[in-house]
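So you can see what is in the structure, the chains are spelled out below.
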Amino acid sequence: MATSPIELALNRLRETRAWRSIFRRGPARSNRTRSLAIFGNIFLHLLPVKVREQSLRVRATYYLGSFSFLLFLLLTMTGILLMLYYHPAVPQAYLDMKDLRFVVSNGVFLRNLHRVGAHAMVIAVFWHMFHVFYRGGYRPPHQFNWVVGVVLMLLTLFLSYTGYLLPWDQLAFWAITVGTNIISAEPVLGHDVRFLLLGGNLVGENALLRFYVLHCVILPLVAGMFIAVHFWRIQKDGGLTLREDHEREGHERQD
Amino acid sequence: MSDKINYEAGFGSNALKDPQRVVFITPKTSAKVKGDIGKKVMSYPNLLLREAIALEVMVIALVILSLFWDAPLEQLANPLVTPNPAKAPWYFLGLQELLHYFPPIVAGILIPTLVILALVVIPYFNVNIKSEPFWAANRTRRFLIFVVILAALLVFLVFFEAWSVIAPTLAVALLVFVSYFASAGGPRSAEFLRTRPVSWWVMTWFIAVAVTLTVVGTFFRGPGWSWVWPWR
(Lines give C-alpha, C1' and ligand atoms only; values in the text may rest on other atoms or scores of the structure.)
Protein backbone atom coordinates (compact mmCIF):
# COMPACT_ATOMS: atom_id res chain seq x y z
CA MET A 1 0.00 0.00 0.00
CA ALA A 2 2.53 2.55 1.16
CA THR A 3 4.95 2.97 -1.69
CA SER A 4 6.35 6.49 -1.78
CA PRO A 5 8.93 7.57 0.81
CA ILE A 6 6.56 10.29 2.04
CA GLU A 7 3.84 7.75 2.71
CA LEU A 8 6.31 5.49 4.51
CA ALA A 9 7.49 8.39 6.63
CA LEU A 10 3.88 9.37 7.41
CA ASN A 11 3.03 5.83 8.40
CA ARG A 12 6.06 5.68 10.66
CA LEU A 13 5.02 9.03 12.19
CA ARG A 14 1.53 7.66 12.89
CA GLU A 15 3.05 4.80 14.86
CA THR A 16 4.92 7.13 17.24
CA ARG A 17 3.75 7.49 20.83
CA ALA A 18 3.42 11.29 20.51
CA TRP A 19 1.14 11.03 17.45
CA ARG A 20 -1.00 8.37 19.09
CA SER A 21 -1.32 10.45 22.28
CA ILE A 22 -2.71 13.34 20.23
CA PHE A 23 -5.07 11.57 17.82
CA ARG A 24 -5.84 8.40 19.82
CA ARG A 25 -6.60 6.40 16.70
CA GLY A 26 -4.84 4.52 13.97
CA PRO A 27 -4.84 5.53 10.31
CA ALA A 28 -8.35 6.06 8.90
CA ARG A 29 -8.53 2.83 6.94
CA SER A 30 -11.60 1.32 8.56
CA ASN A 31 -15.03 2.87 9.08
CA ARG A 32 -14.39 2.75 12.83
CA THR A 33 -11.29 4.93 12.63
CA ARG A 34 -12.99 7.17 10.04
CA SER A 35 -15.81 7.72 12.52
CA LEU A 36 -13.25 8.44 15.26
CA ALA A 37 -11.63 11.01 12.99
CA ILE A 38 -14.90 12.97 13.09
CA PHE A 39 -16.31 12.54 16.58
CA GLY A 40 -12.93 12.24 18.29
CA ASN A 41 -12.06 15.75 17.13
CA ILE A 42 -13.49 18.71 19.02
CA PHE A 43 -13.95 20.79 15.86
CA LEU A 44 -15.04 18.10 13.42
CA HIS A 45 -17.51 16.56 15.89
CA LEU A 46 -19.93 19.33 14.91
CA LEU A 47 -20.24 17.44 11.61
CA PRO A 48 -22.10 14.17 11.18
CA VAL A 49 -20.05 10.97 10.96
CA LYS A 50 -22.00 9.93 7.88
CA VAL A 51 -23.65 12.05 5.22
CA ARG A 52 -26.14 11.24 2.48
CA GLU A 53 -24.40 10.84 -0.84
CA GLN A 54 -27.10 13.02 -2.39
CA SER A 55 -26.31 15.96 -0.09
CA LEU A 56 -22.70 16.01 -1.33
CA ARG A 57 -23.75 16.77 -4.90
CA VAL A 58 -22.89 20.26 -6.06
CA ARG A 59 -26.43 20.88 -7.28
CA ALA A 60 -27.90 20.05 -3.87
CA THR A 61 -26.28 23.04 -2.11
CA TYR A 62 -23.72 24.65 -4.44
CA TYR A 63 -21.68 24.49 -1.19
CA LEU A 64 -23.03 27.95 -0.36
CA GLY A 65 -23.07 27.28 3.38
CA SER A 66 -19.54 25.92 3.19
CA PHE A 67 -18.41 28.98 1.26
CA SER A 68 -20.01 31.29 3.84
CA PHE A 69 -18.15 29.52 6.64
CA LEU A 70 -14.85 29.30 4.73
CA LEU A 71 -15.09 33.02 3.95
CA PHE A 72 -15.57 33.64 7.67
CA LEU A 73 -12.33 31.73 8.31
CA LEU A 74 -10.47 33.58 5.54
CA LEU A 75 -11.70 36.93 6.88
CA THR A 76 -10.62 36.00 10.41
CA MET A 77 -7.12 35.17 9.19
CA THR A 78 -6.66 38.21 6.93
CA GLY A 79 -8.31 40.35 9.63
CA ILE A 80 -5.80 39.24 12.28
CA LEU A 81 -2.94 40.11 9.90
CA LEU A 82 -4.49 43.52 9.24
CA MET A 83 -4.81 44.12 12.99
CA LEU A 84 -1.02 43.95 13.24
CA TYR A 85 -0.79 47.15 11.17
CA TYR A 86 -3.83 49.02 12.47
CA HIS A 87 -4.50 51.52 15.26
CA PRO A 88 -8.15 52.43 15.95
CA ALA A 89 -7.40 56.13 16.43
CA VAL A 90 -8.05 59.36 14.54
CA PRO A 91 -6.24 60.04 12.21
CA GLN A 92 -3.75 57.18 12.70
CA ALA A 93 -6.27 54.68 11.27
CA TYR A 94 -6.18 56.47 7.93
CA LEU A 95 -2.39 56.77 8.01
CA ASP A 96 -2.23 53.01 8.59
CA MET A 97 -4.23 52.55 5.37
CA LYS A 98 -1.62 54.62 3.56
CA ASP A 99 1.13 52.51 5.17
CA LEU A 100 -0.62 49.34 4.00
CA ARG A 101 -0.55 50.73 0.48
CA PHE A 102 2.97 52.16 0.35
CA VAL A 103 5.07 50.66 3.18
CA VAL A 104 3.87 47.17 4.21
CA SER A 105 4.94 44.31 1.94
CA ASN A 106 1.86 42.98 0.15
CA GLY A 107 -0.25 45.36 2.22
CA VAL A 108 -2.44 46.25 -0.76
CA PHE A 109 -3.04 42.60 -1.51
CA LEU A 110 -3.88 41.85 2.13
CA ARG A 111 -6.45 44.64 2.30
CA ASN A 112 -7.88 43.72 -1.10
CA LEU A 113 -8.30 40.09 -0.03
CA HIS A 114 -10.12 41.14 3.15
CA ARG A 115 -12.37 43.54 1.24
CA VAL A 116 -13.19 41.11 -1.60
CA GLY A 117 -13.80 38.35 0.94
CA ALA A 118 -16.17 40.59 2.90
CA HIS A 119 -18.28 41.38 -0.17
CA ALA A 120 -18.22 37.71 -1.15
CA MET A 121 -19.38 36.65 2.31
CA VAL A 122 -22.41 38.98 2.24
CA ILE A 123 -23.34 37.63 -1.20
CA ALA A 124 -22.72 33.99 -0.19
CA VAL A 125 -24.81 34.30 2.98
CA PHE A 126 -27.79 35.85 1.16
CA TRP A 127 -27.55 33.37 -1.71
CA HIS A 128 -27.35 30.52 0.83
CA MET A 129 -30.47 31.78 2.61
CA PHE A 130 -32.53 32.12 -0.58
CA HIS A 131 -31.35 28.76 -1.87
CA VAL A 132 -32.31 27.07 1.40
CA PHE A 133 -35.72 28.75 1.20
CA TYR A 134 -36.40 27.55 -2.34
CA ARG A 135 -35.43 24.00 -1.37
CA GLY A 136 -37.77 24.11 1.62
CA GLY A 137 -34.86 23.71 4.04
CA TYR A 138 -36.72 25.66 6.73
CA ARG A 139 -39.41 22.98 7.15
CA PRO A 140 -39.62 20.74 10.22
CA PRO A 141 -37.37 19.62 11.82
CA HIS A 142 -35.15 22.47 10.60
CA GLN A 143 -37.23 25.41 11.92
CA PHE A 144 -34.81 26.47 14.65
CA ASN A 145 -31.76 26.20 12.42
CA TRP A 146 -33.43 28.54 9.93
CA VAL A 147 -33.79 31.12 12.74
CA VAL A 148 -30.12 30.63 13.70
CA GLY A 149 -29.34 31.24 10.03
CA VAL A 150 -31.32 34.50 10.02
CA VAL A 151 -29.32 35.62 13.09
CA LEU A 152 -26.08 34.72 11.27
CA MET A 153 -27.21 36.75 8.25
CA LEU A 154 -27.76 39.77 10.50
CA LEU A 155 -24.38 39.22 12.20
CA THR A 156 -22.72 39.09 8.78
CA LEU A 157 -24.26 42.45 7.88
CA PHE A 158 -23.16 43.94 11.23
CA LEU A 159 -19.65 42.56 10.81
CA SER A 160 -19.37 44.03 7.35
CA TYR A 161 -20.89 47.34 8.42
CA THR A 162 -18.64 47.83 11.47
CA GLY A 163 -15.61 47.02 9.33
CA TYR A 164 -16.68 49.64 6.81
CA LEU A 165 -15.77 52.50 9.20
CA LEU A 166 -12.27 51.32 10.08
CA PRO A 167 -10.29 52.81 7.12
CA TRP A 168 -11.50 56.25 8.32
CA ASP A 169 -11.70 57.78 4.87
CA GLN A 170 -14.55 59.86 3.42
CA LEU A 171 -16.30 56.73 2.08
CA ALA A 172 -16.25 55.09 5.53
CA PHE A 173 -17.21 58.18 7.51
CA TRP A 174 -20.23 59.14 5.41
CA ALA A 175 -21.48 55.58 4.94
CA ILE A 176 -21.61 55.16 8.71
CA THR A 177 -23.13 58.63 9.17
CA VAL A 178 -25.90 57.84 6.66
CA GLY A 179 -26.50 54.38 8.13
CA THR A 180 -26.63 55.44 11.77
CA ASN A 181 -28.89 58.38 10.94
CA ILE A 182 -31.51 55.83 9.87
CA ILE A 183 -31.45 54.36 13.41
CA SER A 184 -32.40 57.72 14.94
CA ALA A 185 -35.60 57.70 12.85
CA GLU A 186 -36.93 55.19 15.37
CA PRO A 187 -39.00 57.44 17.70
CA VAL A 188 -38.63 55.74 21.10
CA LEU A 189 -35.08 54.43 21.48
CA GLY A 190 -33.51 55.52 18.18
CA HIS A 191 -31.39 58.38 19.50
CA ASP A 192 -30.24 56.38 22.54
CA VAL A 193 -29.26 53.37 20.45
CA ARG A 194 -27.31 55.61 18.06
CA PHE A 195 -25.58 57.33 21.01
CA LEU A 196 -24.67 53.94 22.49
CA LEU A 197 -23.31 52.67 19.18
CA LEU A 198 -21.27 55.78 18.37
CA GLY A 199 -20.25 56.75 21.91
CA GLY A 200 -21.47 60.26 21.12
CA ASN A 201 -23.74 62.22 18.84
CA LEU A 202 -21.34 62.25 15.90
CA VAL A 203 -19.17 59.67 14.17
CA GLY A 204 -15.86 60.37 15.88
CA GLU A 205 -13.00 58.77 17.80
CA ASN A 206 -15.32 56.93 20.18
CA ALA A 207 -17.32 55.51 17.27
CA LEU A 208 -14.13 54.27 15.62
CA LEU A 209 -13.01 52.53 18.81
CA ARG A 210 -16.44 50.96 19.41
CA PHE A 211 -16.74 49.75 15.82
CA TYR A 212 -13.21 48.35 16.07
CA VAL A 213 -14.03 46.37 19.24
CA LEU A 214 -17.33 45.17 17.75
CA HIS A 215 -15.69 44.21 14.45
CA CYS A 216 -12.61 42.47 15.81
CA VAL A 217 -13.78 40.93 19.09
CA ILE A 218 -17.47 40.89 19.97
CA LEU A 219 -19.17 40.12 16.65
CA PRO A 220 -16.68 37.43 15.50
CA LEU A 221 -17.03 35.64 18.85
CA VAL A 222 -20.83 35.78 18.75
CA ALA A 223 -20.87 34.73 15.09
CA GLY A 224 -18.47 31.86 15.87
CA MET A 225 -20.82 30.54 18.53
CA PHE A 226 -23.86 30.77 16.28
CA ILE A 227 -21.92 29.07 13.46
CA ALA A 228 -21.12 26.20 15.84
CA VAL A 229 -24.81 25.88 16.75
CA HIS A 230 -25.76 26.08 13.05
CA PHE A 231 -23.43 23.20 12.10
CA TRP A 232 -24.38 21.13 15.13
CA ARG A 233 -28.08 21.48 14.41
CA ILE A 234 -27.70 20.27 10.82
CA GLN A 235 -26.41 17.03 12.28
CA LYS A 236 -29.02 16.86 15.07
CA ASP A 237 -31.87 17.59 12.63
CA GLY A 238 -30.86 14.62 10.52
CA GLY A 239 -28.88 16.22 7.71
CA LEU A 240 -29.85 18.47 4.84
CA THR A 241 -33.32 18.58 3.34
CA LEU A 242 -33.21 16.24 0.39
CA ARG A 243 -35.71 15.45 -2.32
CA GLU A 244 -37.08 11.96 -2.11
CA ASP A 245 -36.81 9.72 -5.12
CA HIS A 246 -40.26 10.26 -6.60
CA GLU A 247 -40.00 14.05 -6.08
CA ARG A 248 -36.59 14.14 -7.65
CA GLU A 249 -37.72 12.20 -10.68
CA GLY A 250 -40.66 14.57 -11.09
CA HIS A 251 -38.35 17.53 -10.74
CA GLU A 252 -35.85 16.26 -13.23
CA ARG A 253 -38.57 15.64 -15.76
CA GLN A 254 -39.48 19.32 -15.46
CA ASP A 255 -35.92 20.52 -16.01
CA MET B 1 -45.61 6.61 -4.70
CA SER B 2 -48.31 4.24 -3.45
CA ASP B 3 -46.88 1.33 -5.42
CA LYS B 4 -43.58 1.76 -3.61
CA ILE B 5 -44.78 0.92 -0.10
CA ASN B 6 -42.42 -1.70 1.14
CA TYR B 7 -42.53 -2.43 4.83
CA GLU B 8 -42.38 -5.33 7.18
CA ALA B 9 -44.47 -5.80 10.27
CA GLY B 10 -44.53 -8.22 13.18
CA PHE B 11 -40.93 -8.99 13.92
CA GLY B 12 -41.23 -11.08 17.02
CA SER B 13 -43.07 -11.63 20.22
CA ASN B 14 -40.34 -10.43 22.59
CA ALA B 15 -41.67 -7.04 23.74
CA LEU B 16 -38.33 -5.96 25.16
CA LYS B 17 -36.51 -6.70 21.95
CA ASP B 18 -39.16 -5.59 19.48
CA PRO B 19 -41.39 -3.03 21.17
CA GLN B 20 -44.67 -2.55 19.41
CA ARG B 21 -45.59 0.96 18.53
CA VAL B 22 -48.97 2.48 17.81
CA VAL B 23 -49.01 5.57 15.66
CA PHE B 24 -51.75 8.11 16.14
CA ILE B 25 -52.51 10.21 13.13
CA THR B 26 -54.52 13.27 14.10
CA PRO B 27 -56.95 14.60 11.50
CA LYS B 28 -54.86 17.62 10.48
CA THR B 29 -51.64 15.76 9.80
CA SER B 30 -50.75 13.08 7.36
CA ALA B 31 -48.53 10.09 7.94
CA LYS B 32 -45.05 10.90 6.72
CA VAL B 33 -44.08 8.63 3.91
CA LYS B 34 -40.33 8.29 3.92
CA GLY B 35 -39.12 7.85 0.40
CA ASP B 36 -35.70 6.76 -0.67
CA ILE B 37 -33.16 9.52 -0.19
CA GLY B 38 -30.12 7.49 -1.08
CA LYS B 39 -27.34 5.84 0.83
CA LYS B 40 -24.94 7.32 3.36
CA VAL B 41 -21.18 7.62 3.06
CA MET B 42 -18.50 8.39 5.63
CA SER B 43 -17.90 12.13 6.21
CA TYR B 44 -14.21 11.37 6.48
CA PRO B 45 -12.96 11.56 3.76
CA ASN B 46 -15.98 12.22 1.45
CA LEU B 47 -17.23 15.47 3.01
CA LEU B 48 -13.89 16.82 4.25
CA LEU B 49 -12.24 16.34 0.88
CA ARG B 50 -14.99 18.31 -0.87
CA GLU B 51 -14.74 21.08 1.73
CA ALA B 52 -11.01 21.26 1.10
CA ILE B 53 -11.63 21.54 -2.65
CA ALA B 54 -14.23 24.27 -2.00
CA LEU B 55 -11.66 26.13 0.11
CA GLU B 56 -9.03 25.92 -2.61
CA VAL B 57 -11.38 27.03 -5.40
CA MET B 58 -12.55 29.94 -3.25
CA VAL B 59 -9.06 31.09 -2.26
CA ILE B 60 -7.83 30.92 -5.87
CA ALA B 61 -10.82 32.96 -7.09
CA LEU B 62 -10.44 35.59 -4.36
CA VAL B 63 -6.67 35.89 -4.81
CA ILE B 64 -7.13 36.50 -8.56
CA LEU B 65 -9.79 39.14 -7.81
CA SER B 66 -7.57 40.80 -5.19
CA LEU B 67 -4.70 41.03 -7.65
CA PHE B 68 -6.75 42.93 -10.22
CA TRP B 69 -9.17 44.97 -8.10
CA ASP B 70 -8.05 47.50 -5.50
CA ALA B 71 -10.01 48.25 -2.34
CA PRO B 72 -11.12 51.90 -2.49
CA LEU B 73 -9.45 54.51 -0.30
CA GLU B 74 -10.61 58.10 -0.47
CA GLN B 75 -9.46 61.26 1.35
CA LEU B 76 -9.16 61.39 5.13
CA ALA B 77 -12.58 61.52 6.82
CA ASN B 78 -13.78 65.11 7.07
CA PRO B 79 -17.09 65.89 8.83
CA LEU B 80 -17.15 69.33 7.15
CA VAL B 81 -17.13 68.05 3.56
CA THR B 82 -20.23 66.02 2.68
CA PRO B 83 -19.93 64.05 -0.54
CA ASN B 84 -22.98 64.19 -2.79
CA PRO B 85 -24.49 61.65 -2.72
CA ALA B 86 -23.34 60.12 0.59
CA LYS B 87 -23.97 56.42 0.14
CA ALA B 88 -24.18 53.57 2.68
CA PRO B 89 -22.45 50.20 1.93
CA TRP B 90 -24.00 48.50 -1.11
CA TYR B 91 -26.10 46.00 0.89
CA PHE B 92 -27.92 48.93 2.58
CA LEU B 93 -28.44 50.88 -0.64
CA GLY B 94 -31.79 49.14 -1.15
CA LEU B 95 -32.90 50.67 2.15
CA GLN B 96 -31.44 54.05 1.18
CA GLU B 97 -33.37 53.88 -2.10
CA LEU B 98 -36.54 53.18 -0.08
CA LEU B 99 -35.74 56.21 2.11
CA HIS B 100 -35.95 58.29 -1.05
CA TYR B 101 -39.64 57.37 -1.42
CA PHE B 102 -40.98 56.76 2.07
CA PRO B 103 -40.65 58.65 5.38
CA PRO B 104 -37.66 57.45 7.48
CA ILE B 105 -39.83 55.73 10.08
CA VAL B 106 -41.34 53.51 7.35
CA ALA B 107 -38.32 52.85 5.17
CA GLY B 108 -35.64 52.84 7.88
CA ILE B 109 -37.39 51.12 10.76
CA LEU B 110 -40.76 49.57 9.89
CA ILE B 111 -39.88 47.77 6.65
CA PRO B 112 -36.55 46.23 7.83
CA THR B 113 -38.14 45.13 11.12
CA LEU B 114 -41.05 43.52 9.30
CA VAL B 115 -38.72 41.79 6.83
CA ILE B 116 -36.61 40.29 9.64
CA LEU B 117 -39.74 39.23 11.56
CA ALA B 118 -41.16 37.66 8.40
CA LEU B 119 -37.92 35.72 7.82
CA VAL B 120 -37.88 34.47 11.42
CA VAL B 121 -41.49 33.23 11.42
CA ILE B 122 -41.30 31.51 7.99
CA PRO B 123 -40.75 27.99 9.39
CA TYR B 124 -43.46 28.38 12.04
CA PHE B 125 -46.24 28.80 9.51
CA ASN B 126 -47.34 25.27 8.85
CA VAL B 127 -49.57 26.23 5.95
CA ASN B 128 -49.12 24.29 2.76
CA ILE B 129 -46.37 22.00 4.00
CA LYS B 130 -46.71 19.93 0.82
CA SER B 131 -46.08 23.10 -1.24
CA GLU B 132 -49.07 22.67 -3.48
CA PRO B 133 -49.39 25.03 -6.44
CA PHE B 134 -51.01 28.40 -5.77
CA TRP B 135 -53.78 27.58 -8.23
CA ALA B 136 -54.42 24.00 -7.05
CA ALA B 137 -57.72 24.88 -5.35
CA ASN B 138 -60.21 27.79 -5.23
CA ARG B 139 -58.72 29.17 -8.44
CA THR B 140 -61.21 31.99 -9.01
CA ARG B 141 -61.32 33.10 -5.39
CA ARG B 142 -57.55 33.13 -5.05
CA PHE B 143 -57.20 35.00 -8.32
CA LEU B 144 -59.62 37.69 -7.09
CA ILE B 145 -57.73 38.00 -3.78
CA PHE B 146 -54.47 38.32 -5.69
CA VAL B 147 -55.85 41.04 -8.00
CA VAL B 148 -57.26 43.02 -5.04
CA ILE B 149 -53.96 42.83 -3.10
CA LEU B 150 -51.96 43.77 -6.19
CA ALA B 151 -54.23 46.75 -6.93
CA ALA B 152 -54.04 48.00 -3.32
CA LEU B 153 -50.26 47.61 -3.32
CA LEU B 154 -49.92 49.47 -6.62
CA VAL B 155 -52.16 52.33 -5.44
CA PHE B 156 -50.00 52.62 -2.31
CA LEU B 157 -46.76 52.58 -4.32
CA VAL B 158 -48.00 55.02 -6.95
CA PHE B 159 -49.08 57.37 -4.17
CA PHE B 160 -45.48 57.45 -2.94
CA GLU B 161 -44.18 57.39 -6.55
CA ALA B 162 -41.90 54.47 -5.65
CA TRP B 163 -41.09 53.55 -9.25
CA SER B 164 -38.16 51.25 -8.46
CA VAL B 165 -40.53 49.14 -6.34
CA ILE B 166 -43.35 49.27 -8.87
CA ALA B 167 -41.24 47.95 -11.76
CA PRO B 168 -40.20 44.60 -10.18
CA THR B 169 -43.68 44.24 -8.62
CA LEU B 170 -45.28 44.53 -12.06
CA ALA B 171 -42.77 42.08 -13.53
CA VAL B 172 -43.54 39.43 -10.91
CA ALA B 173 -47.29 40.15 -11.19
CA LEU B 174 -47.03 39.52 -14.93
CA LEU B 175 -45.51 36.11 -14.22
CA VAL B 176 -48.35 35.36 -11.79
CA PHE B 177 -50.85 36.13 -14.56
CA VAL B 178 -48.91 33.83 -16.89
CA SER B 179 -49.04 31.08 -14.27
CA TYR B 180 -52.80 31.57 -13.83
CA PHE B 181 -53.67 31.35 -17.51
CA ALA B 182 -51.15 28.60 -18.37
CA SER B 183 -52.80 25.28 -19.01
CA ALA B 184 -51.38 21.92 -17.94
CA GLY B 185 -48.90 20.35 -20.31
CA GLY B 186 -47.72 23.63 -21.83
CA PRO B 187 -44.11 24.63 -22.39
CA ARG B 188 -41.65 23.87 -19.60
CA SER B 189 -41.30 27.41 -18.26
CA ALA B 190 -45.08 27.91 -18.10
CA GLU B 191 -45.46 24.53 -16.43
CA PHE B 192 -42.80 25.51 -13.89
CA LEU B 193 -44.62 28.76 -13.04
CA ARG B 194 -48.01 27.02 -12.93
CA THR B 195 -46.88 24.60 -10.22
CA ARG B 196 -45.27 27.16 -7.86
CA PRO B 197 -46.72 27.52 -4.34
CA VAL B 198 -47.67 30.89 -2.88
CA SER B 199 -44.55 31.01 -0.67
CA TRP B 200 -42.41 30.80 -3.80
CA TRP B 201 -44.19 33.79 -5.30
CA VAL B 202 -43.84 35.92 -2.16
CA MET B 203 -40.11 35.20 -1.83
CA THR B 204 -39.49 35.75 -5.54
CA TRP B 205 -41.28 39.10 -5.35
CA PHE B 206 -39.22 40.05 -2.28
CA ILE B 207 -35.92 39.13 -3.96
CA ALA B 208 -36.90 40.93 -7.19
CA VAL B 209 -37.71 44.13 -5.25
CA ALA B 210 -34.59 43.89 -3.04
CA VAL B 211 -32.25 43.30 -6.00
CA THR B 212 -33.83 46.11 -8.08
CA LEU B 213 -33.61 48.59 -5.19
CA THR B 214 -29.98 47.68 -4.49
CA VAL B 215 -28.93 47.90 -8.15
CA VAL B 216 -30.74 51.22 -8.62
CA GLY B 217 -29.26 52.64 -5.41
CA THR B 218 -25.75 51.48 -6.32
CA PHE B 219 -25.49 52.37 -10.00
CA PHE B 220 -28.32 54.73 -10.96
CA ARG B 221 -28.24 57.37 -8.25
CA GLY B 222 -26.16 60.55 -8.40
CA PRO B 223 -26.06 63.98 -6.75
CA GLY B 224 -29.16 64.69 -4.66
CA TRP B 225 -30.22 61.07 -5.24
CA SER B 226 -31.22 62.03 -8.79
CA TRP B 227 -31.37 59.44 -11.56
CA VAL B 228 -28.11 59.01 -13.49
CA TRP B 229 -27.00 56.54 -16.13
CA PRO B 230 -23.89 54.70 -14.95
CA TRP B 231 -22.32 54.67 -18.45
CA ARG B 232 -22.48 58.47 -18.87
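The rules we used
- Residues take numbers from 1 onward in each chain, read along the sequence in its written order.
- Naming scheme: in the order in which they are written, chains are lettered from A and ligands are numbered from 1.
- Predicted model: local features are reported for residues with pLDDT of at least 70 only, side-chain atom pairs are reported and counted for 80 or more only, and whole-chain, interface and lining totals are derived from all residues.
- Strands are runs of DSSP state E lasting at least two residues, helices are runs of H or I lasting at least four, and both sets are numbered from the N terminus onward.
- Three exposure classes are used, based on other C-beta atoms lying within 10 Å of a residue's own C-beta, which is placed from the backbone: buried for 20 or more, exposed for 12 or fewer, and partly exposed in between.
- Note that the arc is defined by the directions from the helix axis to the C-beta atoms.
- Note that contacts rest on C-beta atoms placed from the backbone: two residues are in contact if these are within 7 Å.
- Basically, the charged four are Asp, Glu, Lys and Arg, the nonpolar ten are Ala, Val, Leu, Ile, Met, Phe, Trp, Tyr, Cys and Pro, and anything else, Gly included, counts as polar.
- Pairing between strands is defined by DSSP: at least two bridges between the two strands are required.
- Lines fitted to C-alpha atoms define the axes, with helix axes restricted to the stretch in contact, and inter-axis angles between N-to-C directions lie between 0 and 180 degrees.
- Convention used here: angles under 35 degrees read as roughly parallel, angles over 145 as roughly antiparallel, angles from 65 to 115 as roughly perpendicular, and any remaining angle as oblique.

Asks: Please explain the overall build of chain B as it appears in this structure.
Replies: When its secondary structure is counted, chain B shows seven helices and one strand. Shown N-terminal to C-terminal, the secondary structure of chain B runs as helices and strands in the order β-α-α-α-α-α-α-α. A burial count over chain B gives 16% of its 232 residues as buried.

Asks: What is the right way to read helix α6 (residues 92-102) of chain A from this model?
Replies: Residues and elements named next belong to chain A. Every buried residue belonging to α6 is among Ala93, Tyr94, Asp96, Met97 and Leu100, and all of these are buried. Along the axis of α6, the buried residues cluster in a sector spanning 155°; they form a single face. Of the surrounding secondary structure, the elements contacted by the buried residues of α6 are α7 (107-134) and α11 (205-236).

Asks: Looking at this structure, how should I read the interface of chain B and chain A?
Replies: Interface size, as often reported, equals the accessible area lost upon joining of the parts. Of the residues lining the interface, 62 residues belong to chain B; the matching set on chain A comes to 69 residues. For the side of chain B that touches chain A, the secondary-structure elements that each account for two or more residues are β1 (40-42), α1 (43-68), α2 (93-101), α3 (104-121), α6 (188-194) and α7 (198-219) of chain B. Per element, the largest residue contribution to the side of chain B that touches chain A is 15 residues, and it comes from α1(B). Looking at the side of chain B that touches chain A residue by residue, the class counts come to 41 nonpolar, 11 polar and 10 charged. In terms of strand pairing, strand β1 (residues 50-52) of chain A meets β1(B) through three bridges, oriented antiparallel. Among the inter-strand pairings, Val51(A) is bridged to a residue of β1(B), identified as Val41(B).

Asks: Could you clarify how one ought to interpret unusual backbone geometry in this entry?
Replies: Here the amide bond leading from Pro140(A) into Pro141(A) is cis, since omega sits at 5°, within 30 degrees of zero. Secondary-structure assignment places Pro141(A) in the loop between α7 and α8 (143-165). Asn84(B) connects to Pro85(B) through a cis peptide bond whose omega is 0°. Checked against the element boundaries, Pro85(B) lands in the loop between α1 and α2. Here the phi dihedral of Asn138(B) falls at roughly 50°; this positive angle occurs in a residue that is not glycine. Along the chain, Asn138(B) falls in the loop between α3 and α4 (139-159). Look at Glu161(B): it is not a glycine, yet its phi comes out positive at around 55°. Inspection of the secondary structure puts Glu161(B) in the loop between α4 and α5 (163-181).

Asks: What is the right way to read the packing of α2(B) against α7(B) from this model?
Replies: The description of two packed helices rests on the angle between their axes and on the distance between the axes. All names here are of chain B. Taken N-terminus to C-terminus, the directions of α2 and α7 make an angle of 85°; their axes are 7 Å apart at the nearest point. On the basis of the axis angle, α2 is roughly perpendicular to α7. Residues Leu93, Gly94, Gln96, Glu97 and Leu98 of α2 pack against Ala210, Leu213, Thr214, Val216, Gly217 and Thr218 of α7. Residue composition of the contact of α2 with α7, by class: five nonpolar, five polar and one charged.

Asks: Can you walk me through the environment of Ile227(A) in this structure?
Replies: Residues and elements named next belong to chain A. In this fold, Ile227 is placed in helix α11. In the structure, Ile227 is positioned 155 residues away from Phe72 in sequence and 9.7 Å away in space, judged by C-alpha atoms. Setting aside anything within four residues of it in sequence, one finds Ile227 in contact with Phe69, Phe72 and Leu152.

Asks: Before we go on, may I ask you to explain the environment of Arg101(A) in this structure?
Replies: Within the secondary structure, Arg101(A) is located in helix α6. Residues Arg101(A) and Arg111(A), spaced 10 residues apart in sequence, show a C-alpha to C-alpha distance of 8.7 Å. Those residues in contact with Arg101(A) that lie beyond four places of it in its chain are Gly107(A), Val108(A) and Leu73(B).

Nothing here speaks to function; it is all geometry.
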